[in-house]
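Geometric and topological summary
Here is what each chain is made of, one letter per residue.
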Amino acid sequence: MRFRGKSIRRKIVTLLLVPLVSLTGLWAFATVITGNEAVQLMDAADVMRTVGYPAGDMVRTLQKERRQTLVHLADPRRADVLDELRAEQRATDKAVTAFRAGIHGDVREDMSPTAARRFRVLEKTLDGLPGVRRKVEDDAFTRYAAFQAYNDIIEPYYDFLGSLAALQDAETDRQSRAMVGLGRAREAVAREDALLAAALAAGSMSRQDLRAFSDHIAERRTLYSTHLAVLPVAEQKTYEDYWRGTNAEALRAAEDTVVLAGSARAPHAIDARRWQTTVTPVLDDLGRMSIEAIDRFSERVRPVALGVIAKAVVAGVLGLIALVCSLVISFRVGRGLVKDLHRLRKEAHEASGVRLPGVMRRLAAGERVDVEAEVPRLVHGPDELGQVGQALDTLQRAAVEAAVKQADLRRGVSDVFVNLARRSQVLLHRQLTLLDAMERRTEDTDHLADLFRLDHLTTRMRRNAEGLVILSGAAPSRQWRKPVPLMDVVRAAVGEVEAYERIEVRRLPRLALDGPAVADLTHLLAELLENATAFSPPHTAVHVLGERVPNGFTLEIHDRGLGMSSDALLEANLRLADPVEFELSDTDRLGLFVVGRLARRQGVRVSLQPSPYGGTTAVVLIPSALLTETAPRGGRADREDTGGRPLVRRPARRAVFPDEETHQQAADGPHHDERTPTGGLPRRVRQASLAPQLREPAPAPAARTRPAPEPDRDAEEVRARMAALQRGWQRAREDNEMTTSTTAPGTTTEGDGR
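Reading guide: rules and limits
The residue numbers shown here count from 1 along each chain, following its written sequence. Owing to the predicted nature of the model, reporting of local features is limited to residues with pLDDT of at least 70; listing and counting of side-chain atom pairs is limited to 80 or more, with chain, interface and lining totals taken over all residues. Just so you know, side-chain values use all the structure's heavy atoms and leave hydrogens and water out. Elements are defined by DSSP. Helices are runs of H or I of four residues or more, strands are runs of E of two residues or more, and each kind is numbered from the N terminus. Here the term buried applies to any residue with accessible area under 20% of the maximum for its type, exposed to any over 50%, and partly exposed to those in between, with areas from a 1.4 Å probe on protein chains only. Two residues form a contact once any of their heavy atoms are found within 4.5 Å. Only the protein chains shown count as cover for residues, and all accessible areas are computed by the Shrake-Rupley method using a 1.4 Å probe. We call Phe, Tyr and Trp rings a pair once their centres come within 6.5 Å, taking the six-membered ring for Trp, and we label the pair stacked below 30 degrees between planes, edge-to-face above 60, and tilted otherwise. Any carboxyl oxygen of Asp or Glu that lies within 4 Å of a side-chain nitrogen of Lys or Arg is treated as forming a salt bridge with it. Lines fitted to C-alpha atoms define the axes, with helix axes restricted to the stretch in contact, and inter-axis angles between N-to-C directions lie between 0 and 180 degrees. With the far helix as reference, a near helix turned anticlockwise by less than a right angle produces a left-handed crossing, and one turned clockwise produces a right-handed crossing. For this classification, the nonpolar set comprises Ala, Val, Leu, Ile, Met, Phe, Trp, Tyr, Cys and Pro, the charged set comprises Asp, Glu, Lys and Arg, and every other residue, Gly included, is treated as polar. For two strands to count as paired, DSSP must find a minimum of two bridges between them. Here the expected span of a helix is defined as 1.5 Å times the quantity of residues minus one. Regarding the arc, it is the one traced by the directions from the helix axis to the C-beta atoms. Grouping buried Ala, Val, Leu, Ile, Met, Phe, Trp, Tyr and Cys residues that are joined through side-chain atoms within 4.5 Å yields what is termed a nonpolar core. Polar contacts, as used here, are pairs of N or O atoms within 3.5 Å; protein pairs need one atom able to donate a hydrogen and one able to accept it. Residues neighboring in sequence count only if both atoms are side-chain atoms. Confidence of the prediction at every residue is given by pLDDT, a number between 0 and 100.

Details of the overall build of the chain
- For the chain, the count of helices and strands is 20 helices and ten strands.
- Across the 754 residues of the chain, 43% fall into the buried class.
- Sequence-distant contacts in the chain: of pairs separated by 6 or more residues, those separated by 24 or more amount to 76%.
- Surface accessibility of the chain: about 41100 Å² in total, with carbon and sulfur atoms responsible for 57%.

Shown next, in the form of structure tokens:
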């Protein structure tokens, strides 16, 4: 139930309804529990009268049939024994029919779930009785196997009686279980009778039969000594007097004679007639005494049930009185709480709806917050409501302090990230400068290739360091003042990727990117290209192409990997469109977070789509505000490097990647003939990759002048040129392998046969 009223009085009424309903439920629950206990006692008595007594008669006939079956198996040649067995089987069938006739739906409903389950087990074992009889007739059973089969049929009856004895009243429950134990004691005597009668008929007794015989004697004595102590004194006296009588003494004497004689002499120590005259009266007396004890127990149960009903009535009346008193007292006390609750509600609303959200917004914006000024210490009354108000103030203060500490922790972590990244950038910049000098000095191609790979790894390390700066919310150290050609930006991004040789960049229009956005867009494209190469097969290429659109320029990065599911694409695009605050625990999508933050900083839109090649396509929309129609003269803008060295003005040179080298030469003007000898390396042509305006006239062959020293080159220029050189080597080796494979043995590539 939802109450929409805003008054304190209405909420007090709601508060009073809760204990009222609770007390009503408790009152009904107590009444039902006590009533169910009484009903359970009555139902147990009815089930015992309807099912228990016929089942007891059936078990006694089964005990007799078991005895006669063992005697028949011991001496199958006696015709009188077989006739007696047939008679016992007919008596058993009659008792089973009477037992099943008394079972109807009402009796099953009166049983508890446990009793009903065990009753079904009893019925199932009775269904197996004809099969046991057939095995006995076919002589497929040994005496002990038949003995165990009949025991398995009889045993569920006592389990069923034990489930009927599960009552709520402790004393009654113990007496009921004691009655079941007395029935098991009589079953132990019947098993003794069956084992010894069969042994006497066969004239021999195995050690197994003697051991079972003595075990049942011990079981009977234990059951009587255990369960008689629970019964009333009158019941105890009845059984104790009987076991001190002549019939019981004769039974004990016969048992001792058999046990002391041993398995070899037991059949000769006592004859069958003496044993039958001794054990039959005891079995009959114990059965009669058990029925009388059950009748007396039923008489004792009824007063207990009536007492339980009386308790239920008293509990119901007292519960109703307590309910009314609680209602009256609650309403009187509630009137005094209206004023205090109204004041407390107002303070809590102001704290949760005004002060705390304001503090959170200011902390998120990076402002400093004074805890004492934002959460002043208020004075409350000494009563419980005052304590609640004090607790709310303490909770609010703790929340603000925790938020301030968390903000300080985030700020400190960001400062640590920035500090480490800046230090790494300084070292990496120095390393790139050193590699540049080493690359210029070396003339060994293998060493140059190793230096180039080291240069490439250093560049990737610099990108990772910039990633830390971006995660911290700071701007990267690399900055450009003037526009840079878009093609150079894409090539710079390609140079920061591990598998750069797999990336194919299509020719892009003559557009330039504003200097302040160059570093961010280069890093953004490098992250996307890194993902494209990492999540696609190594033998496939990653294509980069672009075209003009009304709102700017789009770059598309196509890979041929496994692609992403629709849910993963949706989640990734949501992160790119609106990157949430970075969490230290979210380390699986660092690159995606960096791309989203860079895109939001520069107003670039990045989206992921299914690629027509089967992988994923990353679409980068660069707004028109970041683009200019043509780059400044010279092809590359001066860069403002804050990595630890002063800005140096250098002659602008355009870095050309291998895949675009020929296209760039064709576009810029006539190019020199660059021939590659068969099986050799490509020849470098001076000033072949420069714009025509920057080329210097070739000196005359006769005038050999000492060349002027070249100005210092930066790492990006050297890396681009080394990439072109390495790709040329790779193409030359591939051409050489193809030529060698098609040349006849013993013939050189010139075909002169030498």
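Past the structure itself, the notes keep going.
Focus: the packing of aromatic side chains
- As enumerated under the stated definition, the model contains eight aromatic pairs in all.
- For the pair Y144 and F147, a centre-to-centre distance of 5.9 Å together with 40 degrees between the ring planes defines the contact as tilted. Here F147 and Y144 lie together in helix α6 (residues 143-164), a separation of three residues that amounts to about one turn.
- Judged by relative accessible area, which is 24%, Y144 ranks as partly exposed.
- Taking relative accessible area as the criterion, F147 reaches 1% and is therefore assigned buried.

Observations regarding the pattern of salt bridges
- In the structure shown here, the tally under the stated rule is 27 salt bridges.
- Note that D93 and R133 form a salt bridge whose closest N and O atoms lie 2.8 Å from each other. In this pair, D93 is assigned in helix α2 (residues 79-101) and R133 in helix α5 (residues 129-137), connecting sequence segments 40 residues apart.
- For D93, a relative accessible area of 34% corresponds to the partly exposed category.
- Residue R133 is classed as buried on the basis of its relative accessible area of 11%.
- The structure contains a network of salt bridges with shared partners spanning R66, E155, D159, R184, E187 and R191.

Quick notes on the environment of V484
- Looking at the element boundaries, V484 is found in strand β2 (residues 484-485).
- For the pair V484 and T628, spaced 144 residues apart in sequence, the C-alpha separation works out to 9.3 Å.

Here we look at the packing of helix α8 (residues 207-227) against helix α10 (residues 246-269)
- Put simply, α8 and α10 touch, their axes get as near as 10 Å, and they point 145 degrees apart. Crossing angle aside, the handedness with which α8 passes α10 is left-handed. Mapping the contact onto sequence places R207, L210, F213, S214, I217, R220 and R221 in α8 and L251, R252, E255, D256, V258, V259, G262 and S263 in α10.
- For the contact of α8 with α10, the per-class residue count stands at six nonpolar, three polar and six charged.

Observations concerning the sheet that holds strand β6 (residues 552-558)
- Here five strands make up an open sheet; going across it, the order is β3-β5-β6-β8-β7 and the pairing mixed. Strands with a single pairing partner mark the edges of an open sheet, and in this sheet they are β3 (503-505) and β7 (605-610). When strand polarity is set aside, the average angle formed by the axes of neighbouring strands in this sheet is 20 degrees.
- Pairing of β6 with strand β8 (residues 616-623) involves seven bridges; the strand directions are antiparallel. Residue F553 lies in a different strand from β8, and its bridge partner there is I622.
- Along the sheet, helix α16 (residues 515-534) makes contact with β3, β5 (542-549), β6, β7 and β8, crossing β8 at roughly 170 degrees.
- Of the strands in this sheet, β7 and β8 are in contact with helix α17 (residues 566-577), which crosses β7 at around 175 degrees.

With respect to the sheet that holds strand β9 (residues 627-628)
- Taken in spatial order, the three strands make up an open sheet running β2-β4-β9, and their pairing is antiparallel. Taken across any chain shown, the strands that pair with only one partner, and hence form the sheet edges, are β2 and β9.
- Note that strand β4 (residues 512-513) and β9 share two bridges and pair antiparallel. Bridge assignment links L513 to a residue of β9, and that residue is L627.

So, unusual backbone geometry
- Positive phi, normally seen in glycine, also occurs at D139, with a value near 60 degrees.
- For D139, the position within the fold is in the loop between α5 and α6.
- For D139, a relative accessible area of 58% gives the class exposed.

Section: α17
- With twelve residues, α17 should cover 16 Å at 1.5 Å per step; its first-to-last C-alpha distance of 16 Å lies within 8% of that length.
- All buried positions along α17 are accounted for by L569, A572 and L576. Viewed end-on, α17 has its buried residues packed into an arc of 70 degrees, placing them on one side of the element. Along α17, the residues that are exposed and aim more than 90 degrees away from the buried face are S566, D567, L570, L574 and A577.

Notes on the pairing of β7
- In terms of strand pairing, β7 meets β8 through six bridges, oriented antiparallel. Note on β8: the bridge partner recorded for V606 is V620.
- Taking the residues between adjacent antiparallel strands as the criterion, β7 and β8 are bridged by five residues, where G614 takes a positive phi near 100 degrees.

Observations concerning the pairing of β8
- The element β8 is largely enclosed, with a buried count of eight among its eight residues.
- Neither face of β8 is left uncovered, since the one carrying T616, A618, V620 and I622 and the one carrying T617, V619, L621 and P623 both have all their residues buried.

Side note on the nonpolar core
- Of all hydrophobic cores here, the largest spans 50 residues; its most connected members are L524, L525 and V620.
- Excluding residues that lie within four positions of it along the chain, V620 makes contacts with L521, L524, L525, L528, F553, T554, L555, V604, R605 and V606.

Some remarks on the side chain of E187
- Turning to its location among the elements, E187 is positioned in helix α7 (residues 170-202).
- Given the relative accessible area of 3%, E187 is considered buried.
- A distance of 2.7 Å separates a polar atom in the side chain of E187 from a polar atom in the side chain of R191.
- In this structure, E187 is in contact with Q63, R66, N151, I154 and Y158, ignoring residues within four places of it in sequence.

A look at the side chain of Q63
- Relative to the helices and strands, Q63 resides in helix α1 (residues 8-74).
- Once you skip the residues sitting within four places of it in the chain, Q63 turns out to touch I154, Y158, R186, E187 and A190.

A look at the confidence of the model for the chain
- Here the chain averages 75 in pLDDT, and 75% of its residues register 70 or above.
- The model gives residues 698-710 a pLDDT under 50, and that stretch makes one contact with residues more than four places away or in other chains.
- Scored below 50 in pLDDT, residues 739-754 makes ten contacts in the model with residues more than four places away or belonging to other chains.

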